[in-house]
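Coordinates in review
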Amino acid sequence: MALRQPRRDERRLQSIHRLHPAIEGRIHRRQRPVRPPEDRLVQRPLRLLPGGGPARHHAADGLHPLLRRRGKRPVRVRKCRGDRGSRARHPRRLRRAQPRGLRPGAGTFRGGESPRLAPGTRGRMKSAVSPRREEDFPEWYQQVVKVADLAENSDVRGCMVIKPWGYGLWECIQRQLDFLFKETGHKNAYFPLFIPLSYMEKEAGHVEGFAKECAVVTHHRLEAGDDGKLHPAGELSEPLVVRPTSETIIGATYAKWVQSYRDLPILINQWANVVRWEMRPRLFLRTTEFLWQEGHTAHETEQEALEETERMIRVYEAFARDHLALPVIAGEKSESERFPGAVKTFTIEAMVQDRKAIQAGTSHFLGQNFSRASGIRFLSRQGAQELAWTTSWGVSTRLIGTVIMTHADDDGMIIPPRIAPAHVVILPICPKPETRDAVLAAAEALRKRLAALAFHGAPLGVEVDRRDIGGGVKNWDWIKKGAPVRIELGPRDLENGTLAVSRRDRAGKEFLQTDAFVEQAPAILQSIQDALYAKALAWRDEHTRVIDSREDFRAFFTPGNPAKPEIHGGFAKTHWCGARACEERIKNDLKVTIRCIPFDAVQEAGRCVECGEPSGRRVIFAKSY
RNA sequence: CGGGCUGUGGCUCAGCUUGGUAGAGCGCUGCGUUCGGGACGCAGAGGCCGUGGGUUCAAAUCCCACCAGCCCGACCA
């Protein structure tokens with residue numbers, strides 16, 4: 001009783017708070033913001049390709065031929081020129097602009113009732129995602145995943161349903177990475193989901209790292225009880241662990257495969273799911289079950305294994321850069337951040353839009369730790385029994401989260417063309433039933449022409465959205481999903497042989513001759529790819545600081561408002577003496593960790609940013625995911 | 001695993017203090033007007049109020065227990 005009373009009061013307080021006029025006014029304001037003319041669509045001259053490429057522009061008056069043609073009919077022209085600002089003065093709009101009064105349940109920023117305007121952004125275009133990045137980055141992220149139709153939470157805590165558009169991203173990543181693995185001499189195989197408990201105990205560091213987050217299978221049968229419910233029965237003699245990673249079971253297998261140096265190297269990769277019982281799941285970034293790839297190799301010499309470890313982190317680095325448009329820093333992890341059981345861990349670290357670091361891929365030199373634990377022995381060229389040298393390396397569906405947090409904006413997802421499930425989406429505009437068939441036929445013809453083209457060796461992915469819904473809704477749907485290029489094709493385009501092209505990385509749209517567009521399509525996609533990379537690189541560089549003093553370091557990572565930290569900090573390139581104690585203290589004080597010791601760090605004398613002891617090179621400090 | 005909070009149509013929530021016919025917005029369906037920047041009007045479908053027990057003539061509402069989820073800390077790709 002005493003427990004519930006304060007709860008009531010709090011609820012009441014909340015209700016009162018919601019009804020406060022100032023707050024209500026902000027939430028209920030339904031006015032459509034009058035967009036400044038320079039933000040309007042059609043008027044702004046566009047270039048689809050950088051540097052005055054072959055993109056064909058409208059005549060000097062800035063008008064598309066279509067619009068000029070219609071210029072004889074002033075009413076149409078005004079409409080076509082996208083003079084949407086006038087909509088605010090339209091009688092119907094005016095009516096909507098009136099305050100609606102209090103409506104129950106509307107005092108929320110979530111769900112369908114998203115606010116048109118964020119505080120202090122009067123007159124700005126509303127964005128598709130609410131809140132905006134600068135308002136609440138974690139919530140923005142969740143909303144992007146949702147509105148882009150990438151994934152959703154399932155009824156199983158911590159496990160997500162990856163929806164077709166999101167899974168399409170994974171398929172593209174998978175296909176291209178797989179190609180790169182094959183190119184570097186690896187073959188795919190598949191190992192069991194279940195690992196005998198005793199295997200997990202073999203490597204001490206490994207146990208320590210994963211024991212706390214293992215799902216354990218103890219029974220193999222269900223029996224109906226007297227209560228009518230099903231109960232586990234048939235207890236296993238030895239519990240099975242659902243793989244959190246596969247070093248142990250693969251090691252045990254390799255031990256059987258390897259007899260002599262002639263059996264080495266073993267270069268194998270597996271595409272699989274793994275389970276790590278996480279406390280705080282987040283779609284794509286940290287889920288209980290996730291999809292990944294894990295490469296496991298065994299080598300004759302330490303040198304060979306080290307080369308493999310570095311080769312694969314370089315593969316990841318290049319893949320991130322060229323395919324995902326992610327600038328990453330490749331380097332080595334400090335001891336405390338190493339993979340459990342590894343001798344060395346290499347990583348690629350990306351910076352996302354809240355300036356935090358995210359580990360996007362890792363490659364581990366496992367030394368002889370796992371071959372010792374699993375007994376991977378071979379007869380050497382000299383006739384002696386030796387332990388193999390092993391490596392493992394992996395990237396996961398977290399890459400998708402990284403891509404989202406790097407490229408997406410306040411209107412939703414932006415997909416780098418090279419991993420887009422569909423590169424070009426054709427939106428047929430069918431205002432009148434009598435032109436519908438012709439427009440759809442033209443859309444299909446265009447799809448075929450585009451699909452015959454190639455982008456980086458693969459056919460262009462083209463989708464025609466035939467859904468019978470409003471043109472604006474349809475268009476926004478694909479903006480939110482982040483399709484690289486949208487084509488609007490309407491009846492008037494048919495007469496003129498034109499189409500309207502929109503790039504997801506830029507505002508507005510441009511009318512082009514269909515032939516010209518088809519010719520340029522792959523180049524436009526590459527231009528988008530390059531632009532995304534350039535933007536992400538500029539962002540990272542802008543928020544990377546060379547820091548030498550302890551005060552500057554602490555100031556860099558201390559938010560102005562600790563109660564509700566704003567987006568702050570970034571990458572700090574600082575000297576570090578190498579002592580674990582310094583690293584630890586910084587982590588405790590600032591929640592900042594060493595992301596990596598970059599491979600390309602120049603040798604340079606300096607002093608540790610924490611203790612002042614001498615240091616030979618700089619490391620990257622950052623807050624991280 | 002510690003601390004705080006919440007469970008009511010698909011989603012976000014109101015209703016509970018003071019027990020008496022279950023509500024709103026969005027979404028969904030149909031029809032009409034729309035459709036090249038996110039439309040509008042009208043009509044409609046959809047809920048044993050987390051579960052179990054108790055109090056009462058009567059429980060979404062009061063009491064008890066349980067379950068689930070969220071947030072903040074420790075851990076992580």
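Figured I'd write up the structure that's included with this text.

Turning next to the pattern of salt bridges. One pass over the full model with this rule turns up 32 salt bridges. Measuring nitrogen to oxygen at the nearest pair gives 2.7 Å for the salt bridge that ties E308 to R311. Of the two residues, E308 and R311 both sit in helix α11 (residues 302-322), 3 residues apart, roughly one turn of that helix. R467 is paired through a salt bridge with D465; the nearest N and O atoms lie 2.7 Å apart. Residues participating in the shared-partner salt-bridge network are R550, R554, R585, D589 and E610.

Let us now look at the nonpolar core. With 56 residues, the main nonpolar core has L150, I173, L177, F284, I404 and M413 as its most contacted residues. With 8 residues, the single largest contributor to this core is helix α7 (residues 164-183). In terms of domain composition, this core takes at least three residues from each of domain 2 (160-191 + 256-407) and domain 3 (417-525). Dropping the residues within four chain positions of it, I404 is found in contact with W140, Y141, V144, V145, L150, F284, Q353 and M413. Listed in part, the 26 residues of the second largest apolar core include V424, A443, V501 and V518.

Once that is clear, we can look at the packing of helix α6 (residues 137-147) against helix α13 (residues 398-407). In the contact formed by α6 and α13, the axes pass within 11 Å of each other and the chain directions differ by 115°. By the criterion of interaxial angle, the relationship of α6 to α13 is roughly perpendicular. Crossing handedness for the pair α6 and α13: right-handed. Where α6 approaches α13, its residues F137, W140, Y141, V144 and V145 are matched on the opposing element by G401, I404 and M405. When its residues are assigned to classes, the contact of α6 with α13 shows 7 nonpolar, 1 polar and no charged.

Attention now moves to unusual backbone geometry. Along the chain, S130 connects to P131 via a cis peptide bond; the corresponding omega equals 5°. Relative to the helices and strands, P131 is located in the loop between α5 (91-97) and α6. In this model, L264 is joined to P265 through a cis peptide bond whose omega is -5°. Mapped onto the fold, P265 is located in the loop between α10 (247-257) and β7 (266-275). We note that A325 has phi near 55°; this positive angle belongs to a residue other than glycine. Mapping A325 onto the fold places it in the loop between α11 and β9 (328-332). One non-glycine residue, K591, adopts positive backbone phi at about 60°. Looking at the secondary structure, you find K591 in the loop between α19 (580-590) and β24 (593-598).

Judged by pairing direction, the sheet is mixed, and its 5 strands sit side by side in the order β18-β15-β19-β20-β21 without closing on themselves. Of all strands in the sheet, those with a lone pairing partner are β18 (462-464) and β21 (510-513), marking the two edges. Pairs of neighbouring strands in the sheet enclose a mean axial angle of 30°, with direction left out of account. Judged from the 4 bridges that link them, strand β19 (residues 485-489) and strand β20 (residues 498-503) form a sheet pairing that is antiparallel. If you follow R486 over to β20, its bridge partner there is S502. This element, helix α14 (residues 433-451), spans β15 (424-428), β18, β19 and β20 of the sheet and lies at about 170° to β15. Those strands touched by helix α15 (residues 471-481) are β15, β18 and β19, and its axis lies near 170° from that of β15.

About the cut-offs
- Residues numbered from 1 in each chain as written.
- Chains lettered and ligands numbered in written order.
- Predicted model: local features only at pLDDT ≥ 70, side-chain atom pairs only at ≥ 80, totals over all residues.
- Heavy atoms only, no water.
- Salt bridge = Lys/Arg side-chain N within 4 Å of Asp/Glu carboxyl O.
- Helix = DSSP H or I, 4+ residues; strand = E, 2+ residues; numbered from the N terminus.
- Core = buried A, V, L, I, M, F, W, Y, C linked by side-chain atoms within 4.5 Å.
- Buried < 20%, exposed > 50% of the residue type's maximum accessible area, 1.4 Å probe, protein only.
- Domains from an automatic or database assignment.
- Contact = heavy atoms within 4.5 Å.
- Axes fitted to C-alpha atoms, helices over the stretch in contact; angles between N-to-C directions.
- Parallel < 35°, antiparallel > 145°, perpendicular 65-115°, else oblique.
- Left-handed = near helix turned anticlockwise from the far one by under 90°.
- Nonpolar A, V, L, I, M, F, W, Y, C, P; charged D, E, K, R; others polar.
- Pairing = 2+ DSSP bridges.

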